[in-house]
Amino acid sequence: DSGVTQTPKHLITATGQRVTLRCSPRSGDLSVYWYQQSLDQGLQFLIQYYNGEERAKGNILERFSAQQFPDLHSELNLSSLELGDSALYFCASSVGRQGNDGYTFGSGTRLTVV
Amino acid sequence: GENVEQHPSTLSVQEGDSAVIKCTYSDSASNYFPWYKQELGKGPQLIIDIRSNVGEKKDQRIAVTLNKTAKHFSLHITETQPEDSAVYFCAASIADDMRFGAGTRLTVKP
């Protein structure tokens, strides 16, 4: 157990639907990062939050949004889902805002859009 | 922004042999270089990292070397074991920006 908790582990939904992925960071970590990993692909950075505020944005689609709550857990909302959104979504956390103390990844949410 | 290239994309070695994975980065200001191991069905796990003020770091059978002049860094695994089979990702970081390589699938044949 890495200390980063992601729920649900698996999610199957239909095209056009909306889903919410949840992440609880490791105790003491203030930064949360979201990554998308498609089949046999690398890790695509989506967005980072630090202590409740958006810190950095990557290749996140307009259909996707995220937030970090006062208790530091984060949610990634994916709407108007398309088949191509099927992927593993990872959350990672770090102590600082810059991540150069290493990321701790959760075990991911596997999203399947049918 | 930073660009990280990783080679090879796949690597197969015999148990007991060494494995080397290489990464290059584009921004000379990058100062933190972690390596992650991702086993099947799991999230990436940090296995070793190095900062720009250090040339080499070892942890048991794994080591990382950094050549700042050439802007490349490498992961070395000695005496490979079947449990080393996984996908390995390198990354380079400047401030808020952490960029990952595309990954190397390492297979260790018993």
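Quick note: structure is the one above.
Residues numbered from 1 in each chain as written. Chains lettered and ligands numbered in written order. Predicted model: local features only at pLDDT ≥ 70, side-chain atom pairs only at ≥ 80, totals over all residues. Heavy atoms only, no water.

Looking at this structure, I do not really get the overall build of chain B. What am I missing?
Helix and strand counts for chain B stand at zero helices and 11 strands. Taking 13 Å as the expected radius of gyration for a compact globule of 110 residues, we find that chain B reaches 13 Å, a close match to that expectation. Reported as C-alpha extents along the three principal axes, the dimensions of chain B are approximately 40 × 25 × 20 Å. The buried share among the 110 residues of chain B stands at 44%. Looking at chain B alone, contacts between residues at least 24 apart form 53% of all its contacts between residues at least 6 apart. About 5400 Å² of surface is accessible on chain B, with carbon and sulfur atoms providing 46% of the total. Computed over 12 positive and 14 negative side-chain charges, the inter-centroid distance for chain B is 1 Å. (Helix = DSSP H or I, 4+ residues; strand = E, 2+ residues; numbered from the N terminus. Rg over C-alpha atoms; globule rule 2.2 N^0.38 Å. Buried < 20%, exposed > 50% of the residue type's maximum accessible area, 1.4 Å probe, protein only. Contact = heavy atoms within 4.5 Å. Areas by Shrake-Rupley, 256 points an atom, 1.4 Å probe, with all protein chains shown as cover. Lys, Arg positive; Asp, Glu negative; His and termini not counted. Charge placed at Lys NZ, Arg CZ, Asp CG, Glu CD.)

It is not clear to me how the layout of surface pockets should be interpreted in this structure. Could you clarify?
Where empty space is left can be seen by rolling a probe of water-molecule size over the atoms. Volume-wise, the largest pocket comes out at about 670 Å³. Taken together, 30 residues form the lining of the largest pocket, with Gln37 and Leu88 of chain A together with Gln38, Leu40 and Arg105 of chain B sitting closest to its centre. Of all the secondary structure elements, the ones that give two or more residues to the lining of the largest pocket are strand S9 (87–94) and strand S11 (109–113) of chain A together with strand S9 (86–94) and strand S11 (104–109) of chain B. Split by residue class, the lining of the largest pocket holds 10 nonpolar, 14 polar and six charged. (1 Å grid on protein atoms, 1.4 Å probe; cavity = no way out; pocket = protein on both sides within 12 Å on 5 of 7 lines; lining within 4 Å. Points joined across faces, edges and corners; volume = space filled by probe spheres on them. Nonpolar A, V, L, I, M, F, W, Y, C, P; charged D, E, K, R; others polar.)

What's the story with the interface of chain A and chain B in this structure? I'm lost.
Note on interface size: it is often stated as the accessible area lost on association of the parts. Tallying the contact residues gives 19 residues for chain A and 17 residues for chain B. Interface area for chain A against chain B, summed over the two sides, is near 1400 Å², with a carbon-plus-sulfur share of 51%. On the chain A side of the interface with chain B, the three residues burying the most area are Leu43, Asn100 and Tyr103 of chain A, jointly 34% of the side's total. On the surface where chain A and chain B come into contact, there are zero salt bridges. Linking chain A with chain B are three residue pairs in polar contact (both at pLDDT 80 or more), by the criterion used here. Grouping the constituent residues of the side of chain A that touches chain B by class yields five nonpolar, 10 polar and four charged. (Buried area = accessible area lost by both parts, 1.4 Å probe. Salt bridge = Lys/Arg side-chain N within 4 Å of Asp/Glu carboxyl O. Polar contact = N/O pair within 3.5 Å; in protein donor to acceptor, adjacent residues only side chain to side chain.)

I'm lost on the sheet that holds strand S1 (residues 4–7) of chain B in this one. Help?
Through backbone hydrogen bonds, the strands of a sheet pair up, either in parallel or in antiparallel fashion. Residues and elements named next belong to chain B. A sheet is described by the order of its strands in space; here five strands give the open sequence S1-S3-S8-S7-S6, paired in antiparallel fashion. The strands lining the two open edges of the sheet, one partner per strand, are S1 and strand S6 (56–59). In this sheet, neighbouring strand axes are inclined to one another by 15° on average, regardless of whether the strands run parallel or antiparallel. Across six bridges, strand S7 (residues 62–67) lies against strand S8 (residues 72–77) in antiparallel orientation. Bridging across to S8, Ala63 finds its partner in His76. (Pairing = 2+ DSSP bridges. Axes fitted to C-alpha atoms, helices over the stretch in contact; angles between N-to-C directions.)

Would you mind showing me how to read the side chain of His73 of chain A here?
Residue and element names in this part refer to chain A. Along the chain, the position of His73 falls in the loop between strand S7 (64–68) and strand S8 (74–78). One polar contact links His73 to Arg22, side chain to side chain, over a distance of 3.2 Å. Sequence-distant contacts of His73, that is, excluding residues within four places in its chain, are made with Arg22, Cys23, Ser24, Pro25, Gln67 and Gln68.

Any chance you could explain the environment of Gly16 of chain B here in plain terms?
Residues and elements named next belong to chain B. Tracing the backbone shows Gly16 in the loop between strand S2 (10–14) and strand S3 (19–25). In sequence terms Gly16 and Thr80 are 64 residues apart; their C-alpha atoms lie 4.7 Å from each other. Apart from the residues within four sequence positions on either side, Gly16 is in contact with Glu79 and Thr80.

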